[in-house]
Every structure is written in structure tokens, then in C-alpha cells.
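Results of the structural survey
Spelled out from the first residue to the last, the chains are:
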Amino acid sequence: MLFLKFLLAMLPILWLIVALSGLKMAGHKACVIAFLISAALAAGYWKLGIPSVATAALEGALNALWPICLVIIAALFTYNLTLKTGAMEQIKRMLGGVSHDKRVLALIIGWGFGNFMEGMAGFGTAVAIPASMLAGIGLDPISSVLACLVVNSTPTAFGSVGVPTVTLASVSGTELLTLAGDVAVIQCLLTFLSPFLMVIICGQGLKALKGMIPLTLVASLSFVLPWFFTAQTLGAELPDIIGSICSMACMLLVVKFAPPKSVEEYNISGSGTGARVTAGEGLKAGSAFILIFILLTFTSTLCPPVHNAIAGFKSSVCVYAGEGGSTLTFSWVNTPGVMIFLAAIIGGLIQGASFGVMGSVFIATLKQYWKTILTICSVMAAAKIMGYSGMISDIAKFLVAVAGQFYPLIAPVIGALGAFVTGSGTSTCVLFGGLQSETAQTLGLSPTWLAAANVMGAGIGKMICPQGIAIGAGAIGAVGSESKILSGVFKYFLLYVVLAGVICYAGSLLGL
């Protein structure tokens, strides 16, 4: 009976894997069918009432629209507006002044700035904004998305000013500072490896590391060391932010005083050509992105007076009609999407765009990415149905029963499975955080260590989740290329999930 439940509960997930990787089906079509499969199974086999199925789906869709789709459309609107005003060309020329080498720019934008965006905002911004910028300055669009998906797997735990780990501590009953420290320990190796993989992916092969190892080592260590120290001493809120700022500063110093040797095949065509960009022109062109940084910083918990003043502008509602429904909270002001929109509008005005131009860009963005919105809404609706019906719980129970004492090997896999379904590190921690800590106690292992394994797996699972892939495809204007992106990123997912299992198991043997 347990195996049958597991098999049936896995059907929506198996369908997505087959549809996206085997049938090469467009993401929005595959995800709508996955939603219908989960709804039919929940009502037919798990006996979830039709009103409960319908309201679970509605809750998922609403949760997808606000804040997730809001952030994505805001990020893409920002990028499209910079294209319309010509600011992206200025940014391209300015970055060309930093380096002509696509590998160097990939590290600065995709690794440094991407980790900063994850630490400040999360919700897809760390893929959407860096990937669109990298594609905009001349890197291969698909490679840009693949690289951003891979490196975004490790900062997830401390993303959105630590929300996933703070949530995990609450649901797993573990002490937050201890948990943050264990998360840093369990993820340390994968985090160290990530910038090297970014260079390999953006340079399209191992040979891209030639001449880049010193800078890549600096990029890695200057992030990992302050990230690790901050997690151990201060907790979950600041590691990504402090680590990324240190990393970007160190990379810029190295590029200025000891740049990698120029290699023609890695130079961006046309970079650095034309008139030099003045400081004023650079500030004007990058005003939207600078304002994103400022607004997200001053409205976060890092600035309590501002954060607390606007935190009250929110509405809470319980949508789900069945038992155990969670309350949806809509923050109308203090949410990353609103701040990014505000930054984009002010930046657009600085760059000379009228409200009419901005309105037309916004409408064009919605038309261009409606398939991305449909994909994410479908995935979130399916995730809520699977969660409320007990399908997710039955999958996890089967894996626990089969693994026994070797459970630490698959603890990250459970986190990855949750992220594949929900597309969210925080949601994965809510789904499986309690299960991981309870299983640890049953097996005589550390609840904190296995809880840390769960959030590590959640970050890894985001590499291949349909929601994340849809964000990436939308960011580079390649809606419909989801299958290609999944095929490209899957080998990195397998590498990370195997390493994560080995690290988790070794740590459990050492008593961590």
C-alpha cells in the first residue's frame, strides 16, 4: 500500500520529467497537465473533496501571482525598460571597461551580484536579473541561464534575508544559530565549487578555466569565508549579503590590478568599443539597478525603522476550504516585487522614459511572458494540492521506510524533491522540515544536521524545478526553451545531489 501511494503520488513529478526532458513539451503545457493529474489523483485516490481541491489550487495560484510572479515581471520589466531607453548599451560599454572577458563578467554579475540579489530578495530575482544582464551584454543566453540556475542553488538557504532557514528552525524545532552554522558547514564544499562551474558553463567547457583559476579562487573564497563566519556567529539573515559584497569588491580589485590574460575566444564582441562612459552616464544607465539595491536594503530587516513602518500594509486571508489550511499574507508595500517596480519607474524617469513609454513596455512584458506566469501558477497550484492531499507526505514516508539507517544519503533528495514541486526553498522547509528532524530523532541522529540537509537539497532542487526554469527562459526571451534548459542543467543537478548525499551521510557518521 505504501509503495502504491508513493508511485501514484510521484505521477505528476514523473510526468513533468518525461514531458520536459523526453517529449520536449513547452513548459506551460506540461505544467498545466501536471496540475490536472495532481487534481485528479487528489480527488480520486486521496479523497480530497472538490471544494478543497479547487481552493488549494486557488491558494497556489494566488501565492504564485503575489509575490513570485510579481518579482519576475518586475525584474523583466526593469530589464526591458533598460533596453528601451538604451541604458543596457551604456551598461554593456561600462562593463566592457571593467573587462572584455565573458568569464570575468559572468563571475561579477552571475556569481557576485546574483548572490547579492538572492540574499536581499530571492523569489527568482537571482536568476531573472543576472541572466538577463549577461544575455544583454553578449553572453550565450542559454549558458547564462544554466550558470545562474547552478550557482543559485547554494545561496538559497540564506536567501531573502534568511527566510528559508529562519522558517526551517521554526518548523523543525531547532535553534536558529546552531542551524545556520550547520547549514554553512553542510553547504561549504558546494558553495566553493559553484563559481568554478559558472566559468565552465559560460565558457562552454573545462578549457575556460585556463588562466581564470586565480580570479575564480578569489571569487569563491572571498564569498565563502565571510559567508561561513557570518552564519556561524550572526545567524541566517546576513551571510549571502556580506559574502557577495566582499566577493564583488575582491573580484573588482583583482581585475583592476591583476586581470586574467585576455583570450580572444572569450572576449565579448564589440565590448569596450565606442566612447568611454563617464561616471554620470554610468550612474544614469545603472540607476534602476542601484535603486533596487538601495530600496531592498532599506526596506529589509537590516533597517528596522523603515521595515517596521511599512510592514503593516498587508492583508491576510485563508483560502483553502479544508482542514489545516494556511493563511496567505499579501504584503502590499514591503515585498521585493513592489520595490523593484518602484526602482524601475524611478530609473526610467532618470533615463528619460515617459510614463507612456513605461506603460507600453509593461504591457509588452506581460504579453511576452504570459506563458511563464501560467507555468508558475500551474506548478504552485499542483504543489498546494499535493501538499494538502497528503501526496507529498506519502512520498517522503516511503523514502524514509526504504532508506533506514542510510537515510542521511537521501535526506537532501527529499529537500530537492520538495523544491522541484514547489520551486521555493521556504515552502520546502515548511513541507519537510518537521519530517527531517523527527526522522533524525528516530534514527538517533542530529535533528539540526538533517534539517540543514533539507534546505541544502531545496537549493539544489531549484535548479530543475519548472518554475525556476520558466523564470530563466523568460529572462532571456526564450519562452519555449524550457526542455533545452532542463537537459543542460540536469547533469549539474545530479552532481550536486550526489555530493550532497555523501556530505550529509559522512557528517552523520562523524556525529555532526
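The rules we used
Throughout, a residue's number is its position along its own chain's written sequence, starting from 1. The predicted origin of the model limits local features to residues at a pLDDT of at least 70 and limits the giving and counting of side-chain atom pairs to 80 or more, whereas totals for whole chains, interfaces and linings rest on all residues. Derived side-chain values reflect all non-hydrogen atoms in the structure, with water molecules and hydrogen atoms excluded from consideration. Nonpolar side chains (Val, Leu, Ile, Met, Phe, Trp, Tyr) are joined into patches within 5 Å and like charges within 9 Å, using only residues with over 30% relative accessible area and no salt bridge. In short, Shrake-Rupley with a 1.4 Å probe defines the accessible areas, and a residue's cover is counted only from the protein chains shown. In the sections that follow, a salt bridge refers to a side-chain nitrogen of Lys or Arg positioned within 4 Å of a carboxyl oxygen of Asp or Glu. For helices the rule is a DSSP run of H or I covering at least 4 residues; for strands it is a run of E covering at least 2, with both sets numbered from the N terminus onward. Throughout this description, buried means an accessible area under 20% of the type-specific maximum (1.4 Å probe, protein chains only), exposed means over 50%, and partly exposed covers the range between. By nonpolar core is meant a set of buried Ala, Val, Leu, Ile, Met, Phe, Trp, Tyr and Cys residues that side-chain atoms within 4.5 Å join together. By definition, residues are in contact when any of their heavy atoms lie within 4.5 Å. The axes are straight lines fitted to the C-alpha atoms, using for helices just the contacting stretch, and the angles between their N-to-C directions are given from 0 to 180°. Note that the term roughly parallel is reserved for angles under 35 degrees, roughly antiparallel for angles over 145, roughly perpendicular for angles of 65 to 115, and oblique for everything else. Gly counts as polar in this scheme, as do all residues outside two lists: the nonpolar Ala, Val, Leu, Ile, Met, Phe, Trp, Tyr, Cys and Pro, and the charged Asp, Glu, Lys and Arg.

As a further point, take a nonpolar patch on the surface. Residues I245, L283, I290, F293, I294 and F298 make up a contiguous nonpolar surface patch of about 520 Å² in total accessible area. Ranked by residues supplied to the nonpolar patch, first place goes to helix α14 (residues 287-298) with 4 residues. Tracing the backbone shows F293 in helix α14. Residue F293 is classed as partly exposed on the basis of its relative accessible area of 36%.

A word on the nonpolar core. I137 and I395 are the most contacted members of the largest nonpolar core, which has 167 residues in total. Excluding its chain neighbours within four sequence positions, the residues that come into contact with I395 are F6, A9, M10, I13, M386 and L417.

Enumeration according to the criterion identifies 4 salt bridges in this entry. We note a salt bridge from E59 to K384, for which the minimum N-O separation is 3.1 Å. Residue E59 is located in helix α4 (residues 50-85), and its partner K384 is located in helix α18 (residues 370-389); the two are separated by 325 residues in the primary sequence. No difference in accessibility class separates E59 from K384, as the two residues are buried. One salt bridge connects D101 with R103, and the closest N-O pair in it is separated by 2.7 Å. R103 shares its class with D101; the two are buried.

Time to look at the packing of helix α6 (residues 102-120) against helix α9 (residues 159-172). At a minimum axis distance of 5 Å, the contact between α6 and α9 shows a crossing angle of 60°. On the basis of the axis angle, α6 is oblique to α9. Facing E118, G119 and M120 of α6, the residues of α9 in contact are G159, S160 and V161. Taken together, the residues of the contact of α6 with α9 sort by class into 2 nonpolar, 3 polar and 1 charged.

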